[in-house]
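The lines below spell out each chain.
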Amino acid sequence: ALAHNAGGFAPAEDALLAIACAHKNDAWPLPSMTLAQSVAIRRYAVSALGLMGVDRAVDVLEELTRVADDEDTEVRAAAALGEIPCKSSARAAARVAHSHPNPRVVVAANNSSRALASRGFFSR
């Protein structure tokens, strides 16, 4: 619901970016969260950034494909790049597809590249 209603609302985008960037050991947003809860919330934030089309999240998402603590977050970050309609997202997806060692992430990045290309956003 947040992703569909808060697009362009800077405070929501800022909060999602903060969650996506938080290290798994950070006690944010609640110190009483378990590791599994914080990882799940981070995954939702990554997906929401893509659905909202937050173009300033492209660098964060690309970085998460390399440094996330779990494979599912890396895959979600690569997939989220395909939701952000801009040339920088297309370039990031192409870089991830070309250089990532994990085949699941490569597939997600390739799908993102194709989705963006079909909408006129090419990596060149």
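Everything below is about the structure printed above this text.
Read on for an overview of the structure. (Residues numbered from 1 in each chain as written. Predicted model: local features only at pLDDT ≥ 70, side-chain atom pairs only at ≥ 80, totals over all residues. Heavy atoms only, no water.)

## Focus: helix α4 (residues 58–67)
When α4 is considered as a whole, its buried residues turn out to be Val58, Val60, Leu61, Glu62, Leu64 and Thr65. Against the buried residues of α4 lie α2 (10–21), α3 (35–52), α5 (71–81), α6 (87–99) and α7 (103–118). (Buried < 20%, exposed > 50% of the residue type's maximum accessible area, 1.4 Å probe, protein only. Helix = DSSP H or I, 4+ residues; strand = E, 2+ residues; numbered from the N terminus. Contact = heavy atoms within 4.5 Å.)

## Focus on the packing of aromatic side chains
For the coordinates displayed, the defined rule picks out zero aromatic pairs. Over the ring of Tyr44 we find Arg76; its NZ or CZ atom is 6.0 Å from the centre of that ring. (Phe/Tyr/Trp six-rings, centres within 6.5 Å; stacked < 30°, edge-to-face > 60°. Lys NZ or Arg CZ within 6 Å of the ring centre and 35° of its normal.)

## Some details on the nonpolar core
Membership of the largest hydrophobic core comes to 30 residues, with the highest contact counts inside it found for Val46, Leu49, Leu61, Leu64 and Leu81. Sorting the residues of this core by element identifies α2, α3, α4, α5, α6 and α7 as the ones contributing at least two each. Setting aside chain neighbours within four positions, we find Leu81 in contact with Val58, Leu61, Glu62, Ser89, Ala92, Ala93, Val96, Ser112 and Leu116. (Core = buried A, V, L, I, M, F, W, Y, C linked by side-chain atoms within 4.5 Å.)

## Considerations on the side chain of Thr73
With respect to the element layout, Thr73 can be found in helix α5. A residue is classified by how much of its surface remains accessible, and Thr73, at 0% relative accessible area, is buried. Polar side-chain contacts of Thr73 include one of 2.7 Å to the side chain of Asp70. Contact partners of Thr73, with chain neighbours within four places excluded, come to Val39, Arg43, Val46 and Ala68. (Polar contact = N/O pair within 3.5 Å; in protein donor to acceptor, adjacent residues only side chain to side chain.)

## Remarks on α5
Of all the residues in α5, the buried ones are Thr73, Glu74, Val75, Ala77, Ala78, Ala80 and Leu81. Contacts from the buried residues of α5 go to α3, α4, α6 and α7.

## Structural notes on the environment of Lys87
If you trace the backbone, Lys87 turns up in helix α6. The class for Lys87 is partly exposed, based on a relative accessible area of 39%. As a C-alpha pair, Lys87 and Leu116 span 29 residues in sequence and 8.4 Å in three-dimensional space. Those residues in contact with Lys87 that sit more than four places away from it in its chain are Phe121, Phe122 and Arg124.

## Some points on the packing of α4 against α5
Relative orientation of the contacting elements α4 and α5 amounts to 145°, with a least axis distance of 8 Å. Regarding α4 and α5, the two cross each other, and that crossing is left-handed. Two secondary-structure elements touch here, α4 through Val58, Leu61, Glu62, Leu64, Thr65 and Arg66 and α5 through Glu74, Ala77, Ala78, Ala80 and Leu81. Tallied by class, the residues present in the contact of α4 with α5 amount to seven nonpolar, one polar and three charged. (Axes fitted to C-alpha atoms, helices over the stretch in contact; angles between N-to-C directions. Left-handed = near helix turned anticlockwise from the far one by under 90°. Nonpolar A, V, L, I, M, F, W, Y, C, P; charged D, E, K, R; others polar.)

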